[in-house]
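Read off the chains here:
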Amino acid sequence: MCGRYALFRWSPAFAALPGFPPDQQPHWSLAPGASVLLLRQVEDQLQLSSVRWGLTPAWLSDFTRTPAQARAETLAEQPMFRDAFRLRRGVLPANGFYEWRGTARKRPYWMTAEDSLMYFAAVWEAYPVEGHTYLSAAVVTRPAANQRRPLVLDQAGMTAWLDPHAPMGTLQQLLTAPQPALRERPLATFVNDPKLDAPECLTPVN
């Protein structure tokens, strides 16, 4: 399952997008509950927003139940996600994500694509708290062997996913589209510490 990812490097063009925080810091370990960047289309313009990773619809009263992942297979039917899938789609930019494998002792792996930035399909919601409106998001995942991985969109897929007028048939095709080949690198266990958010997370295994 995509439980942690990283965003520590971006291009000047990405930093020039509307909404890019002027104090944006690099992150090597973003976990559910963290503030992450969401790219979405607002009035025909791409815009970045800081959102909470953990979907929080306005009707939700139990904030301990905010899913960070949404299964692609049931996205259109699940009450938690179906309206967001139809109306509120975005992407989470990332340099890569972590995957743990093994049984007795799981080994972390760093997973990346050919491009420096990856775009994970996501859905988002707005929720009001004491007069303020906050945004939240969940990453869309697909099965991969005995794991679940984020649904990675290429440029054309991202354009279609962010289009508020995209036909449902097009969106359903994106949920099952072929995924890019990923590069993997086995890591030392520094990233196992959920409190560590530093370049040491990417230390390769000896």
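Scroll up a little and you will see the structure.
What this report covers is the structure whose coordinates are included nearby. (Residues numbered from 1 in each chain as written. Predicted model: local features only at pLDDT ≥ 70, side-chain atom pairs only at ≥ 80, totals over all residues. Heavy atoms only, no water.)

1. Points about the nonpolar core
Item 1. If you look at the biggest cluster of nonpolar residues, it comprises 54 residues, and the most contacted ones within it are Tyr5, Leu75, Leu92, Phe120, Val123 and Trp161.
Item 2. Discounting chain neighbours no more than four positions away, the residues touching valine 123 are Leu55, Leu75, Phe81, Ala84, Phe85, Arg88, Arg89, Ser136, Ala137, Ala138 and Trp161.
Item 3. One finds Ala6, Phe8, Trp110 and Val191 within the second-largest nonpolar core, a separate group that totals nine residues. (Core = buried A, V, L, I, M, F, W, Y, C linked by side-chain atoms within 4.5 Å. Buried < 20%, exposed > 50% of the residue type's maximum accessible area, 1.4 Å probe, protein only. Contact = heavy atoms within 4.5 Å.)

2. A closer look at the layout of surface pockets
Rolled over the atoms, a probe with the dimensions of a water molecule shows which regions are left empty.
Item 1. Computed from the structure, the largest pocket encloses a volume of approximately 320 Å³.
Item 2. Along the walls of the largest pocket sit 16 residues, with Asp115, Val152, Leu153, Asp154 and Gln155 positioned nearest its centre.
Item 3. Approximately 160 Å³ is the volume attributed to the second largest pocket.
Item 4. Along its surface, the second largest pocket is lined by 13 residues, and Gln24, His27, Ser35, Val36 and Leu37 are the ones closest to its centre. (1 Å grid on protein atoms, 1.4 Å probe; cavity = no way out; pocket = protein on both sides within 12 Å on 5 of 7 lines; lining within 4 Å. Points joined across faces, edges and corners; volume = space filled by probe spheres on them.)

3. Here we look at the packing of helix α3 (residues 155–162) against helix α4 (residues 168–175)
Helix packing geometry: the angle between the two helix axes and the distance between the axes.
Item 1. At their nearest, the axes of α3 and α4 sit 10 Å apart, and the two run at 135 degrees to each other. With respect to α4, the axis of α3 lies oblique. Taken as a pair, α3 and α4 cross one another with a handedness that is left-handed. Contacts from Gly157, Ala160 and Trp161 in α3 reach Thr170, Leu171, Leu174 and Leu175 in α4. (Axes fitted to C-alpha atoms, helices over the stretch in contact; angles between N-to-C directions. Helix = DSSP H or I, 4+ residues; strand = E, 2+ residues; numbered from the N terminus. Parallel < 35°, antiparallel > 145°, perpendicular 65-115°, else oblique. Left-handed = near helix turned anticlockwise from the far one by under 90°.)

4. Remarks on the packing of aromatic side chains
Item 1. In the structure shown here, the tally under the stated rule is eleven aromatic pairs.
Item 2. Between phenylalanine 8 and tryptophan 28 the ring centres are 5.7 Å apart and the planes differ by 5 degrees, which places this aromatic pair in the stacked class. On the criterion of sequence distance, the pair formed by phenylalanine 8 in the loop between β1 (5–7) and α1 (12–15) and tryptophan 28 in strand β2 (residues 27–30) is long-range, its members being 20 residues apart. For the pair phenylalanine 8 and tryptophan 28, one class covers both residues: buried.
Item 3. Taken together, the aromatic side chains of Phe8, Trp28, Tyr98, Trp100 and Trp110 make up a single cluster linked through ring pairs. (Phe/Tyr/Trp six-rings, centres within 6.5 Å; stacked < 30°, edge-to-face > 60°.)

5. So, α4
Item 1. For α4, the complete set of buried residues consists of Leu171, Leu174 and Leu175. Each buried residue of α4 lies within a common arc of 105 degrees when the element is viewed along its axis, so the set occupies one face.
Item 2. The elements touched by buried residues of α4 are α2 (82–87), β6 (89–94), β10 (132–144) and α3. (Arc of directions from axis to C-beta.)

6. Here we look at the pairing of strand β4 (residues 45–53)
Item 1. Strand direction decides the pairing type here: strand β3 (residues 35–42) and β4, joined by eight bridges, are antiparallel. Looking across to β4, one finds that valine 36 is bridged to valine 51.
Item 2. Hairpin connection between β3 and β4: a loop of two residues separates the two successive antiparallel strands, and glutamate 43 in this loop has a positive phi of roughly 50 degrees.
Item 3. Two elements, β4 and β10, share two bridges in a ladder whose sense is parallel. Following the sheet pairing, tryptophan 53 is matched in β10 by alanine 137. (Pairing = 2+ DSSP bridges.)

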